[in-house]
Amino acid sequence: MSNIRMYSRLNFLLVICIISTLPGPIPAATDILQPEIHAEEKTEVLTEQIQPTAISHEQGSSYVSRLTIPRAADKESKSRCKLLENGKPLPFPHALHSRIREQGGGHYSHWTPGTLYFSTSDSSDPRTNGRKYELVSTEVYRQKTASFILTDSISEISIPGIIPQETQPLKMIWQNLDTNTRLTPAWKRKGAPDLSSQSAMLASILKPDMNAEEKSIAIWKFLVDWRYHYYPAEQGDEVHDPVKFLNVYGYGFCDDCATNFMVLARKAGLQSRVWGLSGHVVAESFYDGSWHMFDPDHQVFYRNQRGQIAGVEELAEQPQLITKTPTDPLGSSSELIAKLYTSTADNRVNERQPQIRETSALPVLEPLDYVEFQYTNPESVHRNYATDTPRPPVAGNGILKRTIKDLYQLKQTATSQRVWQLNWPYVLLAGQIKLELTSTEIPPRISISHNQKSWTPLQGTFEKNRLHISLNDWIKKQPTAVYHCFIRLESPNQTDPAALIKQADAELRFQFAPRALAHITQGNNDFELKLATEPAGNTKGLKVSLIWKEID
């Protein structure tokens, strides 16, 4: 492995999210909606405990920690944060990095929203000295909310007003107000690519008159813009599906970027492959009689003297094409990068076909569904790889609440059995089922499966006439990401279990990529929502609430 953070990995299992076909159209809107905005002044104490696993030694007495709560920092302005050691403030904030390294003694700098440089009070190692470190700030801000109900097949929404420099999305809430109709919302920022499927991505970024090079550059730029470099959730093709890579996670390593490039390029009709170098992975596409290298992870491709984009083998022979600039856009040494290409003994080409199907990121909201997307401070993330590393710096958590009031709607698989199928396009992290029973004397038996072939019994606890069942252990034990499950309800006395249950409620926690789900920013706050219904026709609509905070 080189010191410029490049990694390659192996193939693994993929769980495919079930896609629902979009139903028929409903009337389209003609006016741009400008919702009323409600503001509320708030004061909040934000505390982030610095975990030893998030800390690494920098130089001298200086240690650096990744942060998960984004706040204004010293590099662009002046941090309002205090660093506490066992509850006491360290004495020297906003310190020069040279002083942190050379003097130690509690000098520190909250340098960027995601990075803290610091020294301990006695210049000891914070990973092993047994002390507790917390970054604390008090924020006074305006929390703003824009709520509106959409019923048309296509709606345009514009959030008026001037958005200040410090704006942070907090939540977006969707509520299906209909008791009988499924809704499939497709929400995006106007002018932004459609990330809902591979086909939609390509339709957004490619033009009919593009040649092969222009298509390759467009796919490369698309991946540069919509993901960042961090430990992937899993090894293998779970993160090689562009829909999941960008909508569920939004981060990965070099081989994830290269493989996603290959998948999209092949989908666009291009010949493409990936190269494994000595600690790095890049992609190539073939056109005009030769191969051409594209590296979305390090945001580069290189042109030769003829103005053509060079391939891997050409770069191995002519490393000066790389080293003519001292660093790449990420600041990595071009000399080091060139060595990855010229050390040809371990360079390997891979033309395998990842097992990726056409999946969709569009959620289907059942009647009365409530969904809350939370853009900051995720409680957990899905990861089966590098589990001892800090959480990704940018990730979102969400909650789906689903209710079945008439259990006779569920599919009956036997006289004494009904099955509740739960599908979601975002990876599930945890969940629970609550059953309101007609009587606690004959409770139903509950089991869960991912394929309806092997079933795992679930135990619950009673609270009066409610049976509470956790799905957490089952989800954690699955070998790869979970996007759906089947809940089997079984009557112990061979009667229909629907007669034993008044109402069933599911609450599922999931992960999503905040960058992929449009919210309030400093720039373009014009949105578009396409709404499909099943059955087709009129609907009470989808209630949308955008919640954000503004700091002057």
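Parameters and conventions
Residues numbered from 1 in each chain as written. Predicted model: local features only at pLDDT ≥ 70, side-chain atom pairs only at ≥ 80, totals over all residues. Heavy atoms only, no water. Helix = DSSP H or I, 4+ residues; strand = E, 2+ residues; numbered from the N terminus. Buried < 20%, exposed > 50% of the residue type's maximum accessible area, 1.4 Å probe, protein only. Contact = heavy atoms within 4.5 Å. Areas by Shrake-Rupley, 256 points an atom, 1.4 Å probe, with all protein chains shown as cover. Lys, Arg positive; Asp, Glu negative; His and termini not counted. Charge placed at Lys NZ, Arg CZ, Asp CG, Glu CD. Pairing = 2+ DSSP bridges. pLDDT = per-residue confidence, 0-100. Phe/Tyr/Trp six-rings, centres within 6.5 Å; stacked < 30°, edge-to-face > 60°. Salt bridge = Lys/Arg side-chain N within 4 Å of Asp/Glu carboxyl O. Core = buried A, V, L, I, M, F, W, Y, C linked by side-chain atoms within 4.5 Å. Axes fitted to C-alpha atoms, helices over the stretch in contact; angles between N-to-C directions. Parallel < 35°, antiparallel > 145°, perpendicular 65-115°, else oblique. Nonpolar A, V, L, I, M, F, W, Y, C, P; charged D, E, K, R; others polar. Expected span 1.5 Å × (residues − 1). Polar contact = N/O pair within 3.5 Å; in protein donor to acceptor, adjacent residues only side chain to side chain.

### Notes on the overall build of the chain
At step 1: Along the backbone of the chain there are 9 helices and 31 strands.
At step 2: Taken along its principal axes, the extent of the C-alpha atoms in the chain is 75 × 65 × 50 Å.
At step 3: Relative to its 552 residues, the chain shows a buried fraction of 53%.
At step 4: Taking the intrachain contacts of the chain between residues at least 6 apart in sequence as the baseline, contacts between residues at least 24 apart amount to 74%.
At step 5: On the chain, roughly 24800 Å² of surface is accessible, and the fraction owed to carbon and sulfur atoms is 48%.
At step 6: Of the charged side chains in the chain, 59 are positive and 61 negative; the average position of the first set lies 3 Å away from that of the second.

### Regarding the sheet that holds strand β12 (residues 182–189)
At step 1: Taken together, 4 strands build an open sheet; the order of strands is β1-β10-β30-β12 and the sheet is mixed. With partners counted over all chains shown, the strands left at the sheet margins are β1 (32–33) and β12, one partner each.

### Here we look at the confidence of the model for the chain
Caution is warranted with low-pLDDT regions, since their predicted coordinates should not be read in detail.
At step 1: The share of residues in the chain with pLDDT of 70 or more is 94%, and the mean pLDDT across the chain is 92.
At step 2: Segment residues 1–27 is flagged for pLDDT under 50; beyond a separation of four residues in sequence, or across chains, it makes 93 contacts in the model.

### Concerning the packing of aromatic side chains
Given two aromatic rings, their pairing is described by the distance between the two centres and the angle made by the two planes.
At step 1: In the structure shown here, the tally under the stated rule is 22 aromatic pairs.
At step 2: With a centroid separation of 5.7 Å and an interplanar angle of 50 degrees, the aromatic rings of F118 and Y133 are classed as tilted. Of this pair, F118 sits in strand β8 (residues 115–118) while Y133 sits in strand β9 (residues 133–150), placing them 15 residues apart in sequence.
At step 3: Its relative accessible area of 0% is what places F118 among the buried residues.
At step 4: On the basis of relative accessible area, Y133 is assigned to the buried category, the value being 1%.

### Focus on the pattern of salt bridges
At step 1: Under the defined criterion, the tally for this structure stands at 25 salt bridges.
At step 2: Here K132 makes a salt bridge to E134, at a shortest N to O gap of 3.6 Å.
At step 3: Looking at K132, the relative accessible area reads 38%, which means it is partly exposed.
At step 4: A salt bridge links E358 to K267; its shortest N-O distance comes to 3.1 Å. Residue E358 is located in the loop between β18 (348–350) and β19 (370–374), and its partner K267 is located in helix α5 (residues 254–267); the two are separated by 91 residues in the primary sequence.
At step 5: On the basis of relative accessible area, E358 is assigned to the partly exposed category, the value being 30%.

### So, unusual backbone geometry
At step 1: Put simply, E534 and P535 share a cis peptide bond, and its omega is 0 degrees.
At step 2: Position of P535 among the secondary structure elements: in the loop between β30 (526–534) and β31 (542–551).
At step 3: In this structure, N86 is a non-glycine residue whose phi angle is positive, near 50 degrees.
At step 4: At Q299, a position not held by glycine, the phi torsion is positive, near 60 degrees.
At step 5: Summarising the element assignment, Q299 is placed in the loop between β17 (290–294) and α6 (312–317).

### What about the nonpolar core?
Soluble globular proteins tend to pack their nonpolar side chains together in the buried interior.
At step 1: In terms of nonpolar packing, the biggest core is built from 102 residues, with W187, I219, F373 and L435 touching the most fellow members.
At step 2: Excluding anything up to four places from it in sequence, W187 contacts F148, I157, M172, W174, L517, A518, F527, E528, L529 and L546.

### With respect to helix α2 (residues 198–205)
At step 1: Buried within α2 are the following residues: Q198, A200, M201, L202 and I205.
At step 2: For α2, the elements touching its buried residues are α3 (212–226), α4 (242–249) and α5.

### Side note on the packing of α2 against α5
At step 1: Two elements in contact, α2 and α5, have axes separated by 10 Å at closest approach and are oriented at 75 degrees. With respect to each other, α2 and α5 are oriented roughly perpendicular. Contact with α2, carried on its side by Q198, S199, M201 and L202, involves V263, L264 and K267 of α5 and no other residues of that element.
At step 2: Of the residues that constitute the contact of α2 with α5, the class distribution is 4 nonpolar, 2 polar and 1 charged.

### Description of the sheet that holds β8
At step 1: Across the sheet, 4 strands lie side by side as β3-β4-β8-β7; this open sheet has antiparallel pairing. Strand pairing shows two members of the sheet lacking a second neighbour, β3 (55–57) and β7 (108–112), which therefore form its edges. When the angles between neighbouring strand axes are averaged without regard to direction, this sheet yields 25 degrees.
At step 2: Where β7 and β8 come together, 4 bridges link them in antiparallel fashion. Bridged to Y108 within β8 is F118.

### As for the pairing of strand β23 (residues 428–437)
At step 1: Most of β23 sits out of view: 8 of its 10 residues are buried.
At step 2: Pairing of β23 with strand β29 (residues 501–512), which is carried by 9 bridges, proceeds in the antiparallel orientation. From the neighbouring strand, A430 faces β29, where its bridge partner is R509.
At step 3: Two elements, β23 and strand β27 (residues 466–470), share 5 bridges in a ladder whose sense is antiparallel. Bridge assignment links Q432 to a residue of β27, and that residue is S470.

### What to know about α3
At step 1: Spanning 15 residues, α3 covers 21 Å between terminal C-alpha atoms, matching the ideal 21 Å at 1.5 Å per step.
At step 2: If you check which residues of α3 are buried, you get S216, A218, I219, W220, F222, L223, V224 and W226.
At step 3: Buried residues in α3 make contact with α2, α4, α5, β16 (281–287) and β17.
At step 4: N-cap assignment for α3: the residue whose side-chain oxygen lies 3.2 Å from the backbone N of E213 is N211.

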